[in-house]
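# Results of the structural survey
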Amino acid sequence: MRALPLAALGLAALGLAAPLRAEEGGPGDGLISIIGRARTETAPDFASVEIGVEARGATPAAALDGTSEAARRIVALAAEFGVPESDIGTTAVTLQPVTRTIRQPDGTVAEKPDGYRAANQVRLRLAEMGRLGDLMRRALEAGANRIDGVGFGLKDPEAAEAAVRVAAMKDAGAQAARLAEAAGVKLGRVVSIQAPPRASVPPPILMAAPAPMRAKGRGGVAVPLVAGTIEASAEVAATFAILP
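Residues numbered from 1 in each chain as written. Predicted model: local features only at pLDDT ≥ 70, side-chain atom pairs only at ≥ 80, totals over all residues. Heavy atoms only, no water.

## Digging into the packing of aromatic side chains
As a reminder, the rule being used: Pairs were defined over the aromatic rings of Phe, Tyr and Trp, the Trp ring being its six-membered one, requiring ring centres within 6.5 Å. Orientation was assigned from the angle between planes: stacked under 30 degrees, edge-to-face over 60, tilted for the rest. Two thresholds decide whether a charge sits over a ring: the Lys NZ or Arg CZ must be within 6 Å of the ring centre and within 35 degrees of the ring normal.
Counted by the stated rule, this structure contains zero aromatic pairs. Positioned over the ring face of Phe-46 is Arg-125, at 4.7 Å from the centre of the ring.

Here is the structure:
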């Protein structure tokens, strides 16, 4: 069977977004090759935040001790919020000398030792995302003075990636079926499938949600947080046989 003459089909009129072509795959085989695409948005199932404390001291020990006690309170607070130990981790402990600039009697400037600065940073992952604002407020009351890296994610990103690839394959099949129907031929089995390595679950993308999560703190202003959605996309190149 000769290859299907796609030029005669008027593909522009079909409104197909993906590149299409028909070709000879072997004696008597007509083929339709197409690229299926899919994009999904998934609600995150956990929130994460880095909470830390910085302190100054005249000696290295004094500076480090100033952060250690606050870090212990932050970890205890996380446990109070039901965060398991596996979702609590220290991300950084730093200690460095500090200097200050002084002007000499002769008008020159020099750096003079001025104690030490220490920092302790803890990352927390919270399944109850609606309580993240409360945790952040309580952490400040416990002695934290740094909050960084607020984000939302998926505990099983591979599942989201697999789902979007399946959706891309279904899109390829649907487009091939429409093309075959327009050409007046019958669509056969899948001859080949190639999933380019473009399916991914990128870092969380914060998008507008129907309503923000507002946590009621024990004092001060409530911290508004918006979970948004996490996007994933995929492309699948598939080739289908045309039945004789």
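## Quick word on the environment of Val-83
Convention followed: Put simply, DSSP H or I for four residues or longer makes a helix, DSSP E for two residues or longer makes a strand, and each gets a number counted from the N terminus. Each residue gets one of three labels from its accessible area relative to the maximum for its type: buried under 20%, exposed over 50%, partly exposed in between, using a 1.4 Å probe on protein chains only. Only heavy atoms enter the contact rule, under which two residues are in contact if any of them lie within 4.5 Å.
As for its position among the elements, Val-83 is in the loop between helix H2 (60-80) and strand S4 (88-103). Overall, the relative accessible area of 6% leaves Val-83 in the buried class. Not counting residues within four places of it along the chain, the set of residues in contact with Val-83 comprises Ala-78, Ile-88, Arg-125 and Leu-126.

## Description of the sheet that holds strand S5 (residues 109-126)
Here is the rule: Strands pair, by our definition, only if DSSP identifies at least two bridges between them. Lines fitted to C-alpha atoms define the axes here, with helix axes fitted over just the stretch in contact, and angles between the N-to-C directions of these axes take values from 0 to 180 degrees.
Ordered in space as S4-S5-S3-S6, the four strands form an open sheet in which the pairing is antiparallel. Lying at the two open borders of the sheet, with one neighbouring strand each, are S4 and strand S6 (146-153). Pairwise comparison of adjacent strand axes, ignoring direction, gives a mean angle of 20 degrees for this sheet. Of the pairings in the sheet, the one linking strand S3 (residues 46-57) to S5 comprises eleven bridges and is antiparallel in character. Paired with Ala-55 across the bridge in S5 is Ala-118.

## Some details on the pattern of salt bridges
Rules: Salt bridge, as used here, is a side-chain nitrogen of Lys or Arg placed within 4 Å of a carboxyl oxygen of Asp or Glu.
Enumeration over the complete set of coordinates arrives at 14 salt bridges. One salt bridge in this structure joins Glu-231 and Arg-39, with 2.7 Å as the shortest N-O distance. One end of the pair, Glu-231, is in strand S10 (residues 230-243); the other, Arg-39, is in strand S2 (residues 29-42), and 192 residues separate them in sequence. On the accessibility criterion, Arg-39 (52% relative accessible area) is exposed. Salt bridges sharing partners connect three or more residues here, namely Arg-39, Glu-41 and Glu-231.

These values are about where atoms sit, not about what they do.
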